[in-house]
Amino acid sequence: QVQLVESGGGLVQPGGSLRLSCAASGSISSIYTMGWYRQAPGKQRELVASITGGGSTNYADSVKGRFTISRDNAKNTVYLQMNSLKPEDTAVYYCRANHVIIATMTYWGQGTQVTVSS
């Protein structure tokens, strides 16, 4: 069982930056692919970025060049650095861990609100 706790959300002006953190209660070693998702009001949850245990990353087109995902397996923590934020980035951001072999071993955090507004 892995429990995930996100932090770092808040209110920021357009063009600003935020760094989200996702702390895992258990080991998130290389056997878990970690991802950040977001859900805006009235919209479906969507993938923002993901990172494998080996460090391969994947980004949604809408955030490429602005967001960076990283992980520190020793600290059981995943980060999302968000730069050049836009109002359309406003959403609840969720962290997800999924086991690379056992699909049922997928865990979600409770989410953290990011609001981009002047």
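To start, this report covers the structure provided alongside it. Residue numbering note: each chain is counted from 1, following its sequence as written. Side-chain atom pairs in this predicted model are given and counted only at pLDDT of 80 or more, local residue features only at pLDDT of at least 70, and totals for whole chains, interfaces and linings cover all residues. In computing side-chain properties, one takes all heavy atoms of the structure into account and sets aside hydrogens as well as water.

**Points about the environment of Ile31**
Point 1. Secondary structure elements are taken from DSSP: a helix is a run of H or I of four residues or more, a strand is a run of E of two residues or more, and numbering for both begins at the N terminus. Tracing the sequence through the fold places Ile31 in the loop between strand 3 (18-24) and strand 4 (32-39).
Point 2. Sequence-wise, Ile31 and Asn98 are 67 residues apart; in three dimensions their C-alpha atoms are separated by 8.3 Å.
Point 3. The contact criterion used is simple: two residues touch if any of their non-hydrogen atoms lie within 4.5 Å. Not counting chain neighbours up to four residues away, the residues in contact with Ile31 comprise Asn98, His99 and Val100.

**Describing the pattern of salt bridges**
Point 1. In what follows, salt bridge is the name for a side-chain nitrogen of Lys or Arg lying within 4 Å of a carboxyl oxygen of Asp or Glu. All told, the structure shown has four salt bridges when counted by the stated rule.
Point 2. Put simply, Lys64 and Asp61 hold a salt bridge, and the shortest N to O gap is 3.1 Å. Asp61 carries the same exposure label as Lys64, and that label is exposed.
Point 3. Across the pair Asp89 and Arg66 runs a salt bridge, and its minimum N-O distance is 2.8 Å. Residue Asp89 is located in the loop between strand 8 (77-82) and strand 9 (91-99), and its partner Arg66 is located in the loop between strand 6 (57-59) and strand 7 (67-72); the two are separated by 23 residues in the primary sequence. In this structure, Asp89 and Arg66 share a single accessibility class: buried. Relative accessibility thresholds used throughout: buried, under 20% of the residue-type maximum; exposed, over 50%; partly exposed, between the two (1.4 Å probe, protein chains only).

**Side note on the state of the cysteines**
Point 1. Counting rule for disulfides: a pair of cysteine sulfur atoms within 2.5 Å. On inspection of all chains with the given rule, the structure shows one disulfide.
Point 2. One disulfide in the model links Cys22 with Cys95; its S-S distance is 2.1 Å. Measuring the twist about the S-S bond at about -80 degrees, one finds the Cys22-Cys95 disulfide to be left-handed. One end of the pair, Cys22, is in strand 3; the other, Cys95, is in strand 9, and 73 residues separate them in sequence. In this structure, Cys22 and Cys95 share a single accessibility class: buried.

**A short note on the nonpolar core**
Point 1. Core analysis: the largest hydrophobic core is formed by 30 residues, its most contacted members being Leu4, Met34, Trp36, Leu80, Met82 and Tyr93.
Point 2. Breaking this core down by element, the ones donating at least two residues are strand 3, strand 4, strand 5 (46-51), strand 7, strand 8, strand 9 and strand 11 (112-116). Note on terminology: a nonpolar core comprises buried Ala, Val, Leu, Ile, Met, Phe, Trp, Tyr and Cys residues joined through side-chain atoms within 4.5 Å.

**A few points about the side chain of Arg38**
Point 1. Residue position: Arg38 is located in strand 4.
Point 2. Judged by relative accessible area, Arg38 falls into the buried class, the value being 6%.
Point 3. Polar side-chain contacts of Arg38 include one of 3.4 Å to the side chain of Ser62.
Point 4. At 2.9 Å, the side chain of Arg38 and the side chain of Asp89 are in polar contact. We define a polar contact as two N or O atoms separated by no more than 3.5 Å, with the added condition that, inside protein, one atom must be a possible hydrogen donor and the other a possible acceptor, whereas residues neighbouring each other in sequence contribute only through side-chain atom pairs.

**Looking at the environment of Gly9**
Point 1. Relative to the helices and strands, Gly9 is located in the loop between strand 1 (4-7) and strand 2 (10-12).
Point 2. A sequence separation of 106 residues divides Gly9 from Thr115, and the C-alpha atoms of the two residues are 7.9 Å apart.
Point 3. Residues within four places of Gly9 in sequence aside, it is in contact with Leu18, Leu20, Thr112, Gln113 and Val114.

**Concerning the sheet that holds strand 1**
Point 1. Reading across from one edge, 1-3-8-7 is the order of the four strands in this open sheet, with antiparallel pairing throughout. The strands lining the two open edges of the sheet, one partner per strand, are strand 1 and strand 7. Each neighbouring strand pair of the sheet contributes to a mean axis angle of 15 degrees, computed without reference to strand direction.
Point 2. Pairing between strand 3 and strand 8: six bridges, direction antiparallel. Counterpart to Arg19 in the pairing with strand 8 is Gln81. In this description, strands pair whenever DSSP reports at least two bridges between them. Here the axes come from fitting lines to C-alpha atoms, over the contacting stretch only for helices, and the angles between their N-to-C directions go from 0 to 180 degrees.

Just geometry here; none of it tells us what the structure is for.
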